[in-house]
Amino acid sequence: MGFWDFLFINENTEQPTPEETSDTPQQLPNTIDLFPGLQLDLLTEDGQQLLSGVVIAADFPNEIIIDRLPGGLSFPVCPEDTPVHIHGYTKQTVPFHLKGTIKESSRIICKVKDLELQTYVEGRQTFRLPLHVPVSMFYQHDKYMQNPEKCTMLDISTGGACIESEYIHAEGEVLRIKAQIEDYAPMTFLGEIIRVDEPSPGVFRYGFLFAKLKEDEITALNRTLYNLQVGNRKEWSRRTKNGNWQ
């Protein structure tokens, strides 16, 4: 039984259509609901993370106002008219991609203007949800996962994750990662290290590419990320006191 067998979607949860979960570009809608509380990622034109925040007001396509995440520290200040990319999820858990330019930027708020919907294709630019959760990493030959290496997941998407660790690994290594995000069911991913950085002495950050997920796995993970993004827990099964899932 795979780890996805332990994830159950509530019967009342709206299911995405096959078109919403395919790897082909999606037809662009005329507008998008940037509702208050929606979490967004802002990136530079070359894909570098600028900030993550929540929508407090929006007038699509004219302007969107983004505040800090609960518990979040200050934003980086961006020059006016800086081009940015914006990633997020619709209420139907479909990832979307916007382009815009910075209208106003301070330590506590960010305004983006001239919003344009872009064609979304599943791939490297997949929405990445910032996290800071403990995970365990295992060598591929450790089939029963008996020798964990404790590390930290810094972000995750349907394509991969960023892992911070004190253990040394090389590009091309195939490993397993076991993660439990909050009280969701544990998830296990097989993947390959495709990037290695050392932001400080003895601390390594790994770009971890997941083995290609099936469409139902992508859908399930997208729903998890969306629920985490908007703070919604009611649509997912949770573990009961006796350890079962319902």
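The structure reproduced in this document is the subject of the present report. (Residues numbered from 1 in each chain as written. Predicted model: local features only at pLDDT ≥ 70, side-chain atom pairs only at ≥ 80, totals over all residues. Heavy atoms only, no water.)

A short note on the overall build of the protein chain
We count it as follows: Strands are runs of DSSP state E lasting at least two residues, helices are runs of H or I lasting at least four, and both sets are numbered from the N terminus onward. The buried label applies to any residue whose accessible area, calculated with a 1.4 Å probe on protein chains only, is under 20% of its type's maximum; exposed applies above 50%, and partly exposed to all values in between. Should any heavy atoms of two residues lie within 4.5 Å, those residues are counted as being in contact. Only the protein chains shown count as cover for residues, and all accessible areas are computed by the Shrake-Rupley method using a 1.4 Å probe.
The secondary structure content of the protein chain amounts to two helices and twelve strands. Ordered by position from the N terminus, the helices and strands of the protein chain form the series α-β-β-β-β-β-β-β-β-β-β-β-β-α. Buried positions account for 46% of the 246 residues belonging to the protein chain. Within the protein chain, counting contacts between residues at least 6 apart in sequence, those at least 24 apart form 57% of the total. Carbon together with sulfur atoms contributes 50% to the accessible area of the protein chain, which is approximately 13,200 Å² in total.

Here's the deal with the packing of aromatic side chains
For clarity, the cut-off: Only centres within 6.5 Å qualify two rings of Phe, Tyr or Trp (six-membered ring in Trp) as a pair; their planes then separate them into stacked at under 30 degrees, edge-to-face at over 60, and tilted for everything else.
Throughout the structure, instances matching the rule amount to three aromatic pairs. Ring geometry for phenylalanine 189 versus phenylalanine 210: centroids 4.2 Å apart, planes at 5°, classification stacked. Taken together, the residues phenylalanine 189 in strand β11 (residues 187-200) and phenylalanine 210 in strand β12 (residues 203-210) connect sequence positions 21 residues apart. Both residues of the pair, phenylalanine 189 and phenylalanine 210, count as buried. Feature note: the residues Phe189, Phe208 and Phe210 constitute an aromatic cluster, connected by ring pairs.

Thoughts on unusual backbone geometry
Between phenylalanine 60 and the following residue, proline 61, the backbone shows a cis peptide bond with an omega angle of 5°. By the element assignment, proline 61 lies in the loop between β2 (49-59) and β3 (63-68). Of note in this structure, aspartate 81 is not a glycine but carries a positive phi near 70°. Secondary-structure assignment places aspartate 81 in the loop between β3 and β4 (83-89).

Details of the side chain of glutamate 63
Short version of the rule: In the analysis that follows, any N or O atom pair within 3.5 Å is treated as a polar contact, provided that within protein one partner can donate a hydrogen and the other can accept it, and provided that, for residues neighboring in sequence, both atoms belong to side chains.
Within the fold, glutamate 63 resides in strand β3. Look at glutamate 63 and you get buried, because its relative accessible area is 18%. Separated by 2.5 Å, the side chains of glutamate 63 and lysine 103 make a polar contact. Ignoring any residue separated from it by four or fewer positions in sequence, one finds glutamate 63 in contact with Ala58, Lys103, Lys111, Val112, Lys113 and Leu115.

Focus: the pattern of salt bridges
Filter applied, for reference: By convention in these notes, a salt bridge is any Lys or Arg side-chain nitrogen within 4 Å of a carboxyl oxygen on Asp or Glu.
Counting across every chain of the model gives five salt bridges. Across the pair lysine 113 and aspartate 81 runs a salt bridge, and its minimum N-O distance is 3.1 Å. Of this pair, lysine 113 sits in strand β6 (residues 109-118) while aspartate 81 sits in the loop between β3 and β4, and the two are 32 residues apart along the sequence. For aspartate 81, a relative accessible area of 45% corresponds to the partly exposed category. Residue lysine 111 pairs with glutamate 104 through a salt bridge whose shortest N-O separation is 3.5 Å. By relative accessible area, which is 37% here, glutamate 104 ends up partly exposed.

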